[in-house]
Amino acid sequence: MSKDIVLRVVDIWKRFGQVEALKGVSLDVYRGELLVLLGPSGSGKSTLLRIIAGLEYPTSGKIYIDGEDITDLPPYKRDTSMIFQHLALFPHMTVYDNVAYGLKIRGIPKDEIDRRVDEVLELVRIRHLKDRKVTQLSGGQQQRVAIARSLILHPKILLLDEPLGALDLKLRKELHIELRRIHQEVGNTWIFVTHDQEEALTLADRIGVMNDGKLIQIGDKWDVYEQPKTRFVAEFIGETNIFECRVVEVYGDRVYAEWRGLKLGVKTDREVKPGESMYLSVRPEYIGLSKDKPSNEGYNIFHGMITDEVFRGSYVMYSIKLDNGEMVKVTVLSKDAEYDPGDEIYLYWRVDKGVPLKE
Amino acid sequence: MKTEVDVKRIRMFISNIPSILYILILFYIPIVILLAISFTPPRKFIVEWVFTLENYVNVFTNPNYYRILLNTFWIVIVATIMLIIIGFPIAYYLARMNRRLGAKILYFLIIPVEINYLIRVYAWKVILGENGFLNLLLISLGIIEKPLTIFFYSWVAVVIVLIHEWLPYVIVPFYVNLVGISDEIYDAAMDLGATRLQIFRTITLPLVKPAILTIVFLVTIPSLGEFAIPYLVGGQSGIMLGVLIDRYLSGFQLAIGAALSFFLLVITLILSMIMIKIFGYEALYTR
Amino acid sequence: MVKYDRLIRLVLSGYTIFTIAFFIYLPIAVIYIYSVNDTPYFIPEWRGFTLEWFMAAFRRRDLINSLYNSVLIAIFVTAVSMAIAIPPSFYIVRSRGRIKNIFLLYMMIPFVIPWIIIGISSYIFYWYIGMPKSLLTAALSHIVYSIPLVVTLLAPRLYTMDPDIENASMDLGADPIQTFRYIVFPQIFPAMLSAAVITFAWSFDNFIISYYTLGDELTWPVWVFSILGKVPRIMPVINAVSVIIITVSSIALYIVVKKGLVRLI
Ligand SMILES: Nc1ncnc2c1ncn2[C@@H]1O[C@H](COP(=O)(O)OP(=O)(O)OP(=O)(O)O)[C@@H](O)[C@H]1O
Ligand SMILES: [Mg+2]
């Protein structure tokens, strides 16, 4: 299927004095999608967003919106709007004045401003707070004001820089649902920056993972989750087990590797040669547990002992010590969690659930 | 439970008695005496306890007083406006630069205040006076032939010296307010489509309004009662209310001096009330 | 866009440097120069370097005496006003309502009026009750202003202090005195020190209140005023003392600020 590209970021580099904040980032963003940029602190997410918004000028590279080169345009001439990490609401203004700001600046007539403010406040469901001072609002309400203030300008692209960072977990979860609803109702393109992988998986259509000024992997969120390209991505998104192993036998796409005295089956499209070292990522939820030795074809099966269990709401995470002394994490739905620390156990996963990584 | 709160309240009340009494005895009672004396006839060396409005009638009708009053307001208003115009860009510049460097420069702004202002005022004489540096410079540049006397012993000199004296007290409140505005706020305004000028008008100016209050209390009101500066550098055109009051007090004409003082007090209180109306009571002790 | 930014910054920095140099440091430079210029007169002419004026400063009994009196008054004023002003600072921050506003106004009026009014009303008051003017009367009148001064310096700090910390302390069995001693005092100590430094400096330097309330013994500013313009040959001595004062106090200020004992802003 051919997708409509609204924003094109081409080989952006950004240097601040000694610091190389972005090292050649290229990115295509599709119209109407919600793209989440995920990465640890200092990976350059904010810098990229600010360059797209025009608040920062790239050292080199180009930005296109709908095919038009906007690299040199100032922020107020771009069809983007940004929601800031600390929201940056204007503290001396009411909700109305904050939301109306962009329209007032453009000299839009008062009755149209009133109409559009009402409309957008309706959308974010805080119309009743219109005349409050923004300093008298709760964190979640302030969030909605910030969103309304940007959306009222009907930007082609909405940029959100960790806007939920300061809120508590429960409120964040509530707002995740709200954000998805608002995104669907408005239908424009959103780029949402966060360092919280759970948030990314909840919100995103697609996820782009950044590290050290580079975009490491971008794709549909489940593709990124299930087929991480590097160890960094595998470990950053979700929990995983990483097995450092060495290839011993290769039969087409079926590979056998040695891992601390145990033999693992791996499925891979990559060209590998015997003797090569390899990292294998296996998500804890893809590993099954059984008291009796299973005899399934196409599975890796190992024996070990449960050393610890942690309850995490809907699932339980077991730590298991294998016979070769290595630890493996396994998650099981709470209703199926019938094991106790000390139990001898077999664990198994389908060979194609192990993902070989490029370091 | 209730008694516990009451005990606390009583303790709080008792601990405030010294301050209440102190201000009462050494401020409010003297003010009442001042007020009383202002209603006695204008006599020299004695106070005659007879009620009269003569002094106040004088304040409003004697063209001499009238002129000095207007002069006082003129000088103080010009100085305050000049101070804001001169001081704001500096504070803005300091607030937008590296935090540590800004703080260092502020430190250098404050240091000169450690020299008593009378001495600094007097040093201006060497700069602005008849045989001062400024005249010397202008003559050597060929702009004038004979030394000008307008720089010194004039209202201009008073304004210049007031600017010197109060500039740090204008820059600091502006600075404090300006550093409180995060970069994000400016970015947000720019992102929403505001130009530089619009940002300045809609964001920066409204957010430094509290500094204006501090400046009125810190600079404008004290200047209204200034005595030494006009006395030392003001000459005829730079005469101010403080000089007039001192003239009567030194001549021991207490009644007129008291009336003029009370008049000054009322003016400053009205000004304070306007400020409190605009900014609220909390403005008196929170910045 | 970026170029435009740089231009603005250049203009602003030039402007800042020029303004500070002209309006603030020019007279300071004059004072420094004339404290070592070998002429007793303020003439725009360099007559050679001398330390004579610094020597002369130490020989003048009246000058030394006035400095001593200023220090004495400033210490007294600082100590008394700190002691009196702490309870109202707490009261103003911790309570609300009409009574508090009236109290606030009552305490703050001496703070928001020109000093000359405090000076003159005190002058008339001491005359009226027949109290001879002296260092004591001057100090008493200084305190009228320094009480609200200390309140405005302490209150913002107290404002940001969590009252629950005190409650927690009491809850753990400390009495109010112990709570103040161990919990409140360490928290407000930096603010108190700042307040004390500022109050001291203010009192030491105050001219107008002292001018109307002193007797025969003069403080440093009043003594300077009595010399200014009347005894020109003493001016370089005053300049020399100013140089000493600004040098010593700047270093002291630098140290206490650096050590974080006092916050300037
Ligand atoms: N204005 C600037 N001046 C100098 N260095 C900067 C500037 N802005 C960002 N950097 C540096 O660039 C790098 C990337 O910063 P950026 O803010 O983009 O990271 P981030 O991914 O948003 O991190 P976080 O999750 O902490 O917000 C960091 O090393 C940062 O220190
Ligand atoms: Mg960031």
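Parameters at a glance
- Residues numbered from 1 in each chain as written.
- Chains lettered and ligands numbered in written order.
- Predicted model: local features only at pLDDT ≥ 70, side-chain atom pairs only at ≥ 80, totals over all residues.
- Heavy atoms only, no water.
- Contact = heavy atoms within 4.5 Å.
- Buried area = accessible area lost by both parts, 1.4 Å probe.
- Salt bridge = Lys/Arg side-chain N within 4 Å of Asp/Glu carboxyl O.
- Polar contact = N/O pair within 3.5 Å; in protein donor to acceptor, adjacent residues only side chain to side chain.
- Helix = DSSP H or I, 4+ residues; strand = E, 2+ residues; numbered from the N terminus.
- Nonpolar A, V, L, I, M, F, W, Y, C, P; charged D, E, K, R; others polar.
- Near = heavy atom within 4 Å.
- Areas by Shrake-Rupley, 256 points an atom, 1.4 Å probe, with all protein chains shown as cover.
- Pairing = 2+ DSSP bridges.
- Axes fitted to C-alpha atoms, helices over the stretch in contact; angles between N-to-C directions.
- pLDDT = per-residue confidence, 0-100.
- Parallel < 35°, antiparallel > 145°, perpendicular 65-115°, else oblique.
- Left-handed = near helix turned anticlockwise from the far one by under 90°.

Chemist: Just checking my understanding: could you explain the interface of chain B and chain A for this structure?
Modeler: Interfaces are often sized by the accessible area lost when the parts come together. Each partner contributes residues to the interface: chain B has 17 residues there, and chain A has 25 residues. Looking only at chain B, the three residues that lose the most surface to chain A are Glu184, Asp191 and Leu192 of chain B, adding up to 42% of its buried area. One salt bridge connects Arg50 of chain A with Asp187 of chain B, and the closest N-O pair in it is separated by 2.7 Å. In this structure, the connection of chain B to chain A is made through 9 residue pairs in polar contact (both at pLDDT 80 or more). For the side of chain B that touches chain A, the secondary-structure elements that each account for two or more residues are helix H8 (183-191) and helix H9 (196-207) of chain B. Here the element with the most residues in the side of chain B that touches chain A is H8 of chain B; it accounts for 7 residues. Classifying every residue of the side of chain B that touches chain A gives 10 nonpolar, 4 polar and 3 charged.

Chemist: How should the interface of chain B and chain C be read in this particular structure?
Modeler: Contacts between the two partners involve 90 residues from chain B, matched on the other side by 91 residues from chain C. Interface area, chain B with chain C, both sides summed: about 8300 Å², of which 79% is carbon and sulfur. At the junction of chain B and chain C, the tally comes to 13 residue pairs in polar contact (both at pLDDT 80 or more). Per-element tally for the side of chain B that touches chain C: the top contributor is helix H1 (residues 2-38) of chain B, with 21 residues.

Chemist: How should the site of ligand 1 be read in this particular structure?
Modeler: Residue and element names in this part refer to chain A. Around ligand 1 sit 13 residues, and of these Ser41, Gly42, Lys45, Ser46 and Thr47 come closest. Thr47 places a side-chain nitrogen or oxygen 2.4 Å from an oxygen atom of ligand 1. Glu162 places a polar side-chain atom, nitrogen or oxygen, 2.9 Å from an oxygen atom of ligand 1. Look at ligand 1: alone it shows 630 Å² of surface, and the protein chains cover 61% of it.

Chemist: Help me out: how do you make sense of the sheet that holds strand S12 (residues 254-259) of chain A in this one?
Modeler: Strand pairing in a sheet relies on backbone hydrogen bonds. The paired strands run either parallel or antiparallel. Residue and element names in this part refer to chain A. Across the sheet, which stays open at both edges, the 5 strands sit in the order S13-S12-S11-S14-S20 with antiparallel pairing between neighbours. Of all strands in the sheet, those bounded by a partner on one side alone are strand S13 (262-267) and strand S20 (355-357). Neighbouring strand axes in the sheet, compared pairwise and without regard to direction, differ in orientation by 45 degrees on average. Here strand S11 (residues 241-251) runs beside strand S14 (residues 277-282); their pairing, made up of 6 bridges, is antiparallel. Looking at the pairing, Arg246 lines up with Ser277 of S14.

Chemist: When you look at the confidence of the model for chain B in this model, what are you seeing that I'm missing?
Modeler: Residues shown with low pLDDT carry predicted positions that ought not to be read at fine detail. Averaged over chain B, the pLDDT score is 87; the fraction of residues at 70 or greater is 96%. Helix H3 (residues 63-96) of chain B holds the highest mean pLDDT among the elements of chain B, 93, whereas helix H6 (residues 133-140) of chain B holds the lowest, 84.

Chemist: Please clarify how the pairing of strand S16 (residues 299-312) of chain A should be interpreted in this entry.
Modeler: Successive residues of a regular strand alternate their side chains across the two faces of the sheet. Residue and element names in this part refer to chain A. One ladder, built from 7 bridges, connects S16 with strand S19 (residues 344-350); its direction is antiparallel. Bridge pairing in S19 links Met305 to Glu344. Pairing between S16 and strand S17 (residues 315-322): 8 bridges, direction antiparallel. Paired with Val310 across the bridge in S17 is Met317. With antiparallel pairing between neighbouring strands as the criterion, S16 and S17 make up a hairpin whose turn holds 2 residues, including Gly313 at a positive phi of roughly 75 degrees.

Chemist: Please clarify how the packing of helix H4 (residues 98-112) of chain C against helix H6 (residues 135-159) of chain C should be interpreted in this entry.
Modeler: For any two helices packed against each other, one specifies the inter-axial angle together with the distance between the axes. Residues and elements named next belong to chain C. For the pair H4 and H6, interaxial distance at closest approach is 8 Å and the crossing angle is 110 degrees. Classified by the angle between their axes, H4 and H6 sit roughly perpendicular to one another. The hand of the H4/H6 crossing is left-handed. Counted together, Met107, Met108, Pro110 and Phe111 of H4 and Val144, Tyr145, Ile147, Pro148, Leu149, Val151 and Thr152 of H6 form the full contact between these two elements. Residues of the contact of H4 with H6, tallied by class, amount to 10 nonpolar, 1 polar and no charged.

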